[in-house]
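Read off the chains here:
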Amino acid sequence: MPSPRPCRGEQDPLGDTPGDPAGRKSTTREPIIQEPEVPEPEATRREAGVTESSRANRGWWDRNADEYQNEHGTFLGDDRFVWGPEGLDEVEAELLGPPEELKGRDVLELGAGAAQCSRWLAAQGARPVALDISHRQLQHALRIGGEFPLVCADAGALPFADVSFDLACSAYGALPFVADPRLVLREVRRVLRPGGRLVFSVTHPIRWAFPDEPGPEGLSVSGSYFDRTPYVEQDDTGHAVYVEHHRTLGDRVRDVVASGFRLVDLVEPEWPEWNTSEWGGWSPLRGALIPGTAIFVCVRD
């Protein structure tokens, strides 16, 4: 799971914790960071279309995959399925269904990163396919290993035949970073079989109205929740090097329905007492008061 890049200029929310709350140990080997340091990009709010967003985010994840996996590999583990920085685990949530019912299911993971979620699915007997826009992220998936396909492709143009999968999932992958989420959702619907389920998590839309700060300063509204202008980091020539898109909660629901899905659940994980970590703008203080993650559970009828 590539989980979110730090939302709107902050540190990544899925930072390492002192230990895995489930008691598991990661065997992730430390990757070698190959990319040299680059000048800090300029953060701004401006329009960014489908092509610019895709190109910018592909480049960002390719450049930062080594550092990301090195810094967050322990928390993510090699074969955990975590839905967001609150630490909600699919083992407990069963949003894709009971683990025993996953056996033999064809599952597409979007924005898979190093394919931790796909590895967990494979352990349940499912047949996952891990897709990511970043070639370098998938190299980390290959490094860790697993007997399932890795596919480098854009989620808006899935290289699969119609009705190929029983389930699709995305934990903070793809959808926060695309200019046209309906393009992705319609592609997912196309490759799902009738009755198939899509579950995806994103930063909770309300967070866009607050500063990305874990302390009290992150509890005061600083902007309009209804301002849908993308967050863009750009280089000194004005070219985007990272883009994240904001949709309101209503936008997300309408996107799901307009793309041919039926929304069957909307999960807003509460911050658990065991989680004392601060991950960028996510923290126990803020998590106790405002939601940080929204998980959409959808069915293709």
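Every value quoted in this text rests on a predicted model; they were computed, and no experiment measured them.

## Looking at the confidence of the model for the protein
Consideration 1: Taken over all residues, the pLDDT of the protein has a mean of 89, while the share at 70 or more is 87%.
Consideration 2: Every residue in residues 1–33 scores below 50 in pLDDT, and together they form 117 contacts with partners more than four places removed in sequence or on other chains.

## What about the pattern of salt bridges?
Consideration 1: Under the defined criterion, the tally for this structure stands at 14 salt bridges.
Consideration 2: We note a salt bridge from Glu-52 to Arg-46, for which the minimum N-O separation is 2.9 Å.
Consideration 3: Across the salt bridge formed by Asp-162 and Arg-190, the nearest N and O atoms sit 2.8 Å from each other. Placement of Asp-162 in the loop between β4 (150–152) and β5 (165–171) and of Arg-190 in helix α5 (residues 181–191) is noted, with a sequence separation of 28 residues between them.
Consideration 4: Each member of the salt-bridge network shares a partner with another, and the members are Asp-106, Arg-127, Asp-166 and Arg-193.

## Section: the sheet that holds strand β9 (residues 261–267)
Consideration 1: Reading across from one edge, β4-β3-β2-β5-β6-β10-β9 is the order of the 7 strands in this open sheet, with mixed pairing throughout. Of all strands in the sheet, those bounded by a partner on one side alone are β4 and β9. The sheet shows a mean angle of 20° between the axes of neighbouring strands, taken without regard to direction.
Consideration 2: As paired elements, β9 and strand β10 (residues 293–300) share 6 bridges and run antiparallel to each other. For Leu-263, the partnering residue across the bridge sits in β10 and is Cys-298.
Consideration 3: Contacts from α5 reach β2 (106–110), β5, β6 (192–203), β9 and β10, with the element oriented near 150° to β6.
Consideration 4: Along the sheet, helix α6 (residues 249–258) contacts β6, β9 and β10; its crossing angle with β9, the most-contacted strand, is approximately 145°.

The rules behind these values
Here, residues in each chain are numbered from 1, in the same order as that chain's written sequence. Where totals are concerned, whole chains, interfaces and linings use all residues; where local detail is concerned, this predicted model gives features only for residues with pLDDT of at least 70, and gives and counts side-chain atom pairs only at 80 or more. Calculated side-chain values reflect all of the structure's heavy atoms, with hydrogen atoms and water omitted. A residue's pLDDT is the predictor's confidence in that residue, given on a scale from 0 to 100. We call two residues in contact when some of their heavy atoms are within 4.5 Å. Salt bridge criterion: a side-chain nitrogen from Lys or Arg within 4 Å of a carboxyl oxygen from Asp or Glu. Each helix is a run of DSSP H or I of at least 4 residues and each strand a run of E of at least 2, with the numbering of both proceeding from the N terminus. Pairs of strands are assigned from DSSP output, requiring at least two bridges between the strands. The axes are straight lines fitted to the C-alpha atoms, using for helices just the contacting stretch, and the angles between their N-to-C directions are given from 0 to 180°.

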